[in-house]
Structure formats: structure tokens, C-alpha cells
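Secondary and tertiary structure notes
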Amino acid sequence: MRSLTLAEARERSSLITVTSYAVELDLDQGTEVFGSRTSVRFTCAEPGAGSWIDLKARSVETISLNGESLDPADVVVDGRLPLEGLAADNELVVAATMAYSHDGQGLHRATDPADDLDYVYGHLFLDAAPSAYACFDQPDLKAPYDVTVHAPLEWTVIGNGAASKAGAGTWTLATTKPLATYFMTVCAGPYVSVHDEHDGIPLGLHARASLREPLERHAAELFDVTKRSFDYFHGLFGIRYPFGEYHQVFVPEFNAGAMENPGCVTFRDQYLYRGAATRDELLTRANTVSHEMSHMWFGDIVTMKWWDDLWLNESFAEYMSHRCLVDATEYTDAWVDSSIVRKVWGYGAERSPSTHPVAGVEALDAQSALQNFDGISYAKGAATLRQLIAYVGDEHFIAGVRAYLTDKSYGNGTLADFLGAIETASGKDLEAWSRAWLLTADRDTISVDVEEQAGVVESAVVRREAPADRPADRPHAFDVAGWTDGRELGRVMVTATGPETTLAELEGTPEPSVVVPNASDLTWARVRLSDATVAALPSQLGQIPDAQARAVVWSALIDGVHGATVAPEAFLDVFDAAWPLETNSSILTRVAAYAEHRIVPYFVPRELQEAAMARLNRAAVGLLERATAGTTESLPGPRLVAGTSDDEALLRAWADGQGLPAGLEDDGDFRWIVVRNLSARGLIGVAEVESFRAKDDTLQGGLNALMCRASLPDADAKAWAWEQLTGRQGRSNYEMVHLARGFWVAPDDSLVADYVPRYFTDVPAMSDWVGEDALSRVVLVAFPRVFDDETARLSAAAISRDDLTPAVHRSLVDADAELREALASRATFGAAV
Ligand SMILES: [Zn+2]
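Here the structure is a predicted model, which means the values were calculated and not measured.

1. Quick notes on the packing of helix H5 (residues 334-351) against helix H14 (residues 585-603)
Where H5 meets H14, the closest approach of the two axes is 9 Å, and the angle between their N-to-C directions is 25°. Between H5 and H14, the angle is such that the two are roughly parallel. For H5 against H14, the interelement crossing comes out left-handed. Along its contact with H5, which presents Val-336, Asp-337, Ile-340, Val-341 and Val-344, the element H14 presents Ser-586, Ile-587, Arg-590, Val-591 and Tyr-594. In terms of residue class, the contact of H5 with H14 is built from seven nonpolar, one polar and two charged.

2. As for the state of the cysteines
Overall, the coordinates contain zero disulfides when judged by the stated rule. Among the cysteines around Cys-135, which has no disulfide bond, Cys-264 carries the closest sulfur, lying 17 Å off. A disulfide-free cysteine, Cys-264 has its sulfur positioned 4.0 Å from the sulfur of Cys-187, the nearest such atom. Overall, the relative accessible area of 0% leaves Cys-264 in the buried class.

3. Focus: the coordination of the zinc ion
Looking at the zinc ion, the protein donor atoms are His-291 (NE2), His-295 (NE2) and Glu-314 (OE), and they sit 2.0 to 2.1 Å from it. Going along the chain, you hit the donors of the zinc ion in the pattern H-x3-H-x18-E. With His-291 in helix H3 (residues 279-297) and Glu-314 in helix H4 (residues 310-328), this residue pair connects regions lying 23 residues apart in the sequence. Each member of the pair, His-291 as well as Glu-314, carries the same accessibility label: buried.

4. So, the sheet that holds strand S27 (residues 514-517)
Across the sheet, which stays open at both edges, the three strands sit in the order S25-S24-S27 with antiparallel pairing between neighbours. Looking at which strands have only one partner, the edges of the open sheet turn out to be strand S25 (487-496) and S27. In this sheet, adjacent strand axes meet at a mean angle of 15° when their direction is disregarded. In terms of strand pairing, strand S24 (residues 476-484) meets S25 through nine bridges, oriented antiparallel. Residue pairing in the sheet places Val-480 in a bridge with Val-492 of S25. Most of the contacts of helix H11 (residues 531-540) go to S27, to which it runs at about 110°, and overall it touches S24 and S27.

5. A short note on empty space enclosed by the protein
Inspection of every chain in the model, using the stated rule, returns eleven cavities of 30 Å³ or more. In this model, the largest cavity occupies a volume close to 160 Å³. Lining of the largest cavity is provided by 17 residues; of these, Arg-2, Leu-4, Asp-54, Lys-56 and Asp-127 occupy positions nearest its centre. When its residues are assigned to classes, the lining of the largest cavity shows seven nonpolar, two polar and eight charged.

6. What about the pattern of salt bridges?
The tally for this structure, following the rule as stated, stands at 54 salt bridges. Here Arg-810 and Asp-374 are joined by a salt bridge, their closest N and O atoms 2.7 Å apart. Of this pair, Arg-810 sits in helix H26 (residues 806-829) while Asp-374 is found in the loop between helix H6 (366-370) and helix H7 (375-392), placing the two residues 436 residues apart along the sequence. The pair Arg-810 / Asp-374 is uniform in exposure class, with both members buried. For Glu-735, the salt bridge goes to Arg-731, with nearest N and O atoms at 3.4 Å. Residue class for Arg-731 comes out partly exposed when judged on its relative accessible area of 24%.

7. Some points on the pairing of strand S15 (residues 192-198)
Relative to strand S16 (residues 201-207), S15 runs antiparallel, the two sharing seven bridges. Each bridged residue has a counterpart across the sheet, and for Glu-197 the counterpart in S16 is Pro-202. Between S15 and S16, which pair antiparallel and follow one another directly, the connecting turn spans two residues, one of which, Asp-199, has a positive phi of 55°.

8. Overview of the layout of surface pockets
Looking at the second largest pocket, its volume works out to about 1200 Å³. Lining the second largest pocket are 37 residues, with Asp-103, Gln-105, Trp-769, Val-770 and Gly-771 sitting closest to its centre. Residue assignment for the lining of the second largest pocket shows that the elements contributing at least two residues are strand S7 (89-99), strand S8 (106-112), H6 and helix H21 (715-726). Along the lines of polarity and charge, the residues of the lining of the second largest pocket split into twelve nonpolar, 14 polar and eleven charged.

9. Observations regarding the nonpolar core
Counting 124 residues, the largest nonpolar core has Trp-554, Phe-571, Phe-575, Trp-579, Tyr-759 and Leu-812 as the members making the most contacts within it. Beyond its immediate stretch of four places on either side in the chain, Leu-812 contacts Tyr-759, Phe-760, Val-779, Phe-783, Ala-798, Ile-799 and Leu-804. Formed by 122 residues, the second largest nonpolar core is a distinct cluster that contains Leu-15, Leu-83, Leu-86 and Phe-223.

10. Overview of the environment of Gly-400
Among the structural elements, Gly-400 can be located in helix H8 (residues 394-407). Gly-400 sits in the buried class, given a relative accessible area of 0%. As for Gly-400 and Gly-411, which are separated by eleven residues in sequence, their C-alpha atoms are 17 Å apart.

11. Re the environment of Glu-213
Note that Glu-213 resides in helix H2 (residues 212-237). Residue Glu-213 is classed as partly exposed on the basis of its relative accessible area of 46%. Considering only alpha carbons, one finds Glu-213 and Tyr-755, 542 residues apart in sequence, at a separation of 42 Å.

12. Points about the pairing of strand S12 (residues 163-167)
Two strands pair when backbone bridges link them, and S12 and strand S13 (residues 170-173) are joined in this way by four bridges, in the antiparallel orientation. Its bridge partner being in S13, Ala-163 is matched across the sheet by Leu-173. Where S12 hands over to S13, the hairpin turn is made up of two residues, of which Gly-169 adopts a positive phi near 75°.

13. Observations concerning the side chain of Thr-176
Summarising the element assignment, Thr-176 is placed in the loop between S13 and strand S14 (186-189). By relative accessible area, which is 13% here, Thr-176 ends up buried. Reaching out from Thr-176, the side chain makes a polar contact with the backbone nitrogen of Tyr-145 at a distance of 2.9 Å. When sequence neighbours within four positions are dropped, the list of residues in contact with Thr-176 reads Ala-143, Pro-144, Tyr-145, Asn-160 and Gly-161.

14. Here we look at the packing of aromatic side chains
What the rule picks out here adds up to 49 aromatic pairs. Aromatic side chains Phe-298 and Phe-418 sit 5.7 Å apart centroid to centroid with 85° between the ring planes, which places their arrangement in the edge-to-face category. Taken together, the residues span a long stretch of sequence, with Phe-298 in the loop between H3 and strand S20 (303-304) and Phe-418 in helix H9 (residues 415-426) at a distance of 120 residues. Phe-418 shares its class with Phe-298; the two are buried. In this arrangement the basic side chain of Arg-12 is found over the ring face of Trp-52, its NZ or CZ atom lying 4.3 Å from the centre. The side chain of Lys-718 reaches across the aromatic face of Phe-743, ending 5.5 Å from its centre.

Conventions adopted
- Residues numbered from 1 in each chain as written.
- Predicted model: local features only at pLDDT ≥ 70, side-chain atom pairs only at ≥ 80, totals over all residues.
- Heavy atoms only, no water.
- Axes fitted to C-alpha atoms, helices over the stretch in contact; angles between N-to-C directions.
- Helix = DSSP H or I, 4+ residues; strand = E, 2+ residues; numbered from the N terminus.
- Parallel < 35°, antiparallel > 145°, perpendicular 65-115°, else oblique.
- Left-handed = near helix turned anticlockwise from the far one by under 90°.
- Contact = heavy atoms within 4.5 Å.
- Nonpolar A, V, L, I, M, F, W, Y, C, P; charged D, E, K, R; others polar.
- Disulfide = S-S within 2.5 Å.
- Buried < 20%, exposed > 50% of the residue type's maximum accessible area, 1.4 Å probe, protein only.
- Donors = N, O, S within 2.8 Å, 3.2 Å for Na, K, Ca; no water.
- Pairing = 2+ DSSP bridges.
- 1 Å grid on protein atoms, 1.4 Å probe; cavity = no way out; pocket = protein on both sides within 12 Å on 5 of 7 lines; lining within 4 Å.
- Points joined across faces, edges and corners; volume = space filled by probe spheres on them.
- Salt bridge = Lys/Arg side-chain N within 4 Å of Asp/Glu carboxyl O.
- Core = buried A, V, L, I, M, F, W, Y, C linked by side-chain atoms within 4.5 Å.
- Polar contact = N/O pair within 3.5 Å; in protein donor to acceptor, adjacent residues only side chain to side chain.
- Phe/Tyr/Trp six-rings, centres within 6.5 Å; stacked < 30°, edge-to-face > 60°.
- Lys NZ or Arg CZ within 6 Å of the ring centre and 35° of its normal.

Written as C-alpha cells, this is what we have:
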């Protein structure tokens, strides 16, 4: 299917102005297809000219343009319906039959195995709108919507405008404000709901019927964050939320975290934690609630003119959600979470050859814009906005944001418009600043050189190094702090505008054991810890009282392992000593997961992994013994024990519900961690996995069972899993990802080695039937975990193929970069752990 180009979009928006859409969807035509009737009114600036409307239908029944019928046979080519001889004012009516999707793009339909009930939701980002209704699908052709939905009698319908029942099985949605095409959504099914109201805004939370219990259990917390975020953004932006009701719908098999459809935000329904949730999991969800809400202003009221400014939406929402959590909720440590979750992700994107400038990357068509929608857009963009605020002042930044939102309301904006508003508000020229920070890829390395004499600092110098191949002169504002035995010995604010900045304030002070550049994590840079600091961390890190600085240290260690400057063994030494003492929930959970799923399997040679896992297990047992039920420490400990233990008796007892740590007695998700470990070790087989699935016959249970079966260490299980993953078996996006997660788990490489070459042919071929967004995830997760030169050779050959789709190519480049990091680290430090 052709992707809309920027040139085409410009030409079409110079000709066409859309007045309104009336969309009628018939969701009562069975499980495969739905009816879609679109009536669109639009003007044409040059009467007599031609254009086209986007339409990705299974079949087209009737077409009428200005009252004249067109023959629907064979008229739509490549998803485009040509429109010739347009009048000044036009009405086009298209009746078509569309297919439901199963890859999370378009109108997705899923069956809940818990009760066999079906659910539908629309996810029309980025170019899936024409698979639901006929439209001029580009972000700058906005129009108000009137939507009617016919659905089975027992279904509930939710959408952008307030829904009301117009008759048996028929629902009408209130006329919306002008919306971009990709924001239109309808969620329909036997959803269960909880309602509330705040400041005149009706609120709704919705989920599958089988999730009624967690929905009701989490509703108070969700509404609380929702209300606080509304108050905060109303105050900050000075513009009231304009889209009427505010619904948050937790939907199945959602590819991303959530989607900011005006009035009807969709979330992945794993956010309704079935079992015990850690504080950082609640923080992550609160962050997503706030993130999507901030988009109501930045993204929805004002939309980027073209996809190349998508980053600005995401950087802004990423920044605003953290700010909102810190200022207006109990999650005052949201920036700590950002350091160890979001920035670790972003630094990974920055290390890959696919890295790119935050802004100004030419997106010549819609699909190529999607390739730049990554950790750079979110995490680096948000860090860059924090540096912008340090540069112009918060008051001026907010004044500029308000002016931008007011000037462009219900229209579109560009980066130039946004920066122009900040320049006007601050009186500062941002040309050089934006060239260095926004338009140049990669990051500086910052470090601190300390010279001491008898334990007293003689000199301390901050070094700032730009990458040689991407020179830039980025001004940084950040702090440097040092500790010995938990005592902070000095903290200095630095404005680094050159390669060296002397910290005169520290001269003559006692030399700290640990020195942390960027201790408050204000800037975006590779933080290089000194050798002396790394050596001191096992005894020192657990004593540092500043969680933000600890997160920066962990992030720097992870970055260092990936960059082959920190040995995996050094990381594990710090882990053993400091992780069990950790009190911040985000650090505890994320560092454990990173150690178990990335550091050991990627960077530790295969023959040493068992011993490395045993080290993680010892640390986890230590935490488990120390933690009291219901505390921050009480979940990551048992989870890591469950994932790493080789104690068959313990694992079997936990799987059978015996002797479980307090609070985990009825936790189906915890049981799956145990069952996964038992499966990977070959201690149980298919029949037992299926018996655990029977105890948890839900969407989540089915996915976990697939992952467990794929991880069984025998040739038949691998052959079955590979066929399920790559063999066009009708598997959903989530099922494919879970199969891929389990597949490469193996006690030795020989069991899976034959699949390495097959990966490079079978997985790219899936682009024939799997959408780009879903497939990009599969390519990453299914990438071979056989870390050797042969995999690297095959990977390089695959990347140079010219028949890959953009998403497959991009994910291969990123997975290949991680493979090469693992090989480089093993070559440098391979011998011991
Ligand atoms: Zn977003």
C-alpha cells in the first residue's frame, strides 16, 4: 500500500478543506468484517480540479460524488479513490465493507478466552484511518465528526463524542471539535464501566468484562490521577479541556502504551494489574494517564502539520507528564523513574546506528516518519526540553507554550511555530541552541576529573566531549555531587559551555569516594564514571541517600556495559552489594529486570550465565528475607527469585500455591514467572503448561502459556513455536511477541542454532501479513540470541537487502547494534563473572 508523501499532502491540503465527516459503522456483521458508510463534505479551492480520498476497504459497495453515482468496481487503486471534476462545495458518500484487524492497527477485534466475548477498538494512528472509513488521511486536514454505530444489543459504545443510545443497538456520538483523521476512534463491546465526574467533565473508565474486578479495584487511583492532571494542566496551559467527556478505555492487545484520542484515550489493558503491583508500576500507569491527557492540548487541540514534528508531541507529553506527577501527585520521584526507565531506553536508541536528530529529520512519507518514533523522540526530546527551560527560564517557556496553543487552536503547528513562540516570550534567539540540541544527532560524554592530595581535592574539572563524527556545541546545565559513606560532601551546579569547566568550589574540600556527574539528571549525555568511583560503588552506592543520583549511577553502569567500558562483572559486583539495599521502587524493579533479561543473557558468555544467574538469585533471596509484606521491597525480591532460582522444590511449591511470599497467594502473574522458569529448565512439559493455562484461562494466561511452551528446551517445542510464530497461523500481535520471547531461551546454543539463518528469511517475510507497527516489535524480540560471528554475518547481510520494509529494516539495525555490543563486551571482558 502506498504511503502518503509530504509533497502529496501539501498539494492536497492546498486544494481541499474538509468541512465535516459523518461516519456510520455497522459492527453487527459478524466477526470478520464491518460496514462503513462515510459522508464527507469538503471544498475545493480550484473547481474542476481532481484529487483523491484514502480508502482501504475489503469491498466498495457504492460511491456518490455530489449526487452522481460512480461505478465502485476497480476504482480504488493502492488505497486511493480518485475524485475528478470537483465542485467548489462537495459531498462524497462512500459505502464499503472493511475488515477487522488482529495486529492492533485499524479497527482491532479480539476474543477474550475467559468468556468468549468479543471487543473492538479503533487505533487509527498513523495511517490506519482509511481502513475504518473513507478520509483525507493527513494530520492537517481536520474536521468535526458525527459518528453513528450499530452494534450487537449487549454492547457498549464509546468514542470521541459523548455516546447515547438512539435505538436498539444504535448509538450516536456527539459532534466533535475538528479532529485529525488519526484521532477518530470507536470502542465497542460488552465493556464494563466505572463513571465519575470532575470540574464539570464526565469521566469514564472501561475494560473487558473479565477485568471488572481489577477495574473496580484500581478506579479510585486512576480517577485521582486523572483529576489532579486536569487541574494541573488547566492551570498551566490556561485553556480548558474542550472535548466534552473524558473516557479511558483499557483495550486488549494494544501495541503501544496508550493513544491520545480526544475524549476517548485507549490504554493497553495490562495496566489493570491483576495481581500485586509495585509502586513503580502504578507510577508508570499514572505517568501514562498524565501523558495522554497532556496530548489533549499538545497534539489534539494543536496537531503537528506533518509527521516530521511527531517528536514535538511526544517530547512535550513526556516532559509534561513527569512534571505533572512531581508537582501534583504522590509520585514526586517521577524523574527518578524517568532516569532508570525512559532515559535508559533513549540512550539505547542513541547508541544505535539508527540514531537521528530529535527534530528536522525529513519524513518524506508517513511510514518513514514512524521509524523516528523512538527513545529519541520521547526521552531525549524531553531532556532537551528541560535544557531549553534551563536556557530560557520556566516562566518564558510556559508563556511561549500558552501562546502557541492559543494561536494554533484546532489547527496545526510546526517546530518553527513552537520555537518562534518561545523566542518571542523569552526574547532569546534559539537558532544556535536548536542547531546543537535538536538538529544534531548523538550526545556528549561528560566526566569529572578530580586530583587529590591526602584526601583533599586539589582540582576538579568537568569534561564535555562531543562525538568526533557529529560535532556540536551543546550548552549543558547540570550538577555534580560527591559522597563518602552516605554523606554528601559537595554539590555544584555547572553550566558547561566548553570542553572544560573548572569546579573551583570543590577545591580544598574532602575528596568524595563517589563522584556523580549530572547527579540530578538534568541533562542528556553519556555519563562516564571514574575508575575510582566504579571501584567504590559496591560499598558506597547503597549508602547514598539521593535516589535520583543512584538512578544516574545505575544508568551510567548500564550504558557502560553496553559500551564495553564497564565489565559485566563490575556491574554484578555492584548489583550484589547495592541492589538488595535499594529503597526506590523504580530502581529496584528495573535494575533487577535489566540484570536478569539483558545484562546476563547478552553480555555474559553462555558458559558463565548459570553462575551469573546464581549471583542474581542470591541477592534476590537476601532481599526476599529482609522485605516485609506490602512494602516497596516485597515484590521485586520474590519476582527475581522466581525468575532465577534453580531450586526445583521451591519452584514447584510456588507454582502449586504452597509457601508463597505474603501478598502473592492469588497472583496469577507471579505464578507465570515461576512456570516460565520451570519450563525453561525443562522441569515441566507441554501438558503441565497447559494445566496452568487451564487455571488461568484468560488472554494474559494464554499469552504466558505460549511463551512457556516456546521456551521448553526440546526440539519439538522449538519447531512448534517457530511455526506458530512465522507460519501464518493467524496469531495476533501479542501472541507473536510472546512466542518470540520464549523462543531463544535455551540451555545451549545448539538447540536453536538452526533457526538463526531461518530468522533472517522467515521473519522479514511476515510483512506480507503483519502490520508494520506490530512487526517492528516482533523483529526485535525474535532476533537470534545466539551471540556469535555467524549471527553477526547473517545480520549484516540481511540489513543490506533492499527488499525489507522500513520497519523491518529499522528493527534489524537496532537488534544488530545490540548484538555487536554484546560481542564487543564479551571480547573485552569475556573471561570471568
Ligand atoms: Zn504520546
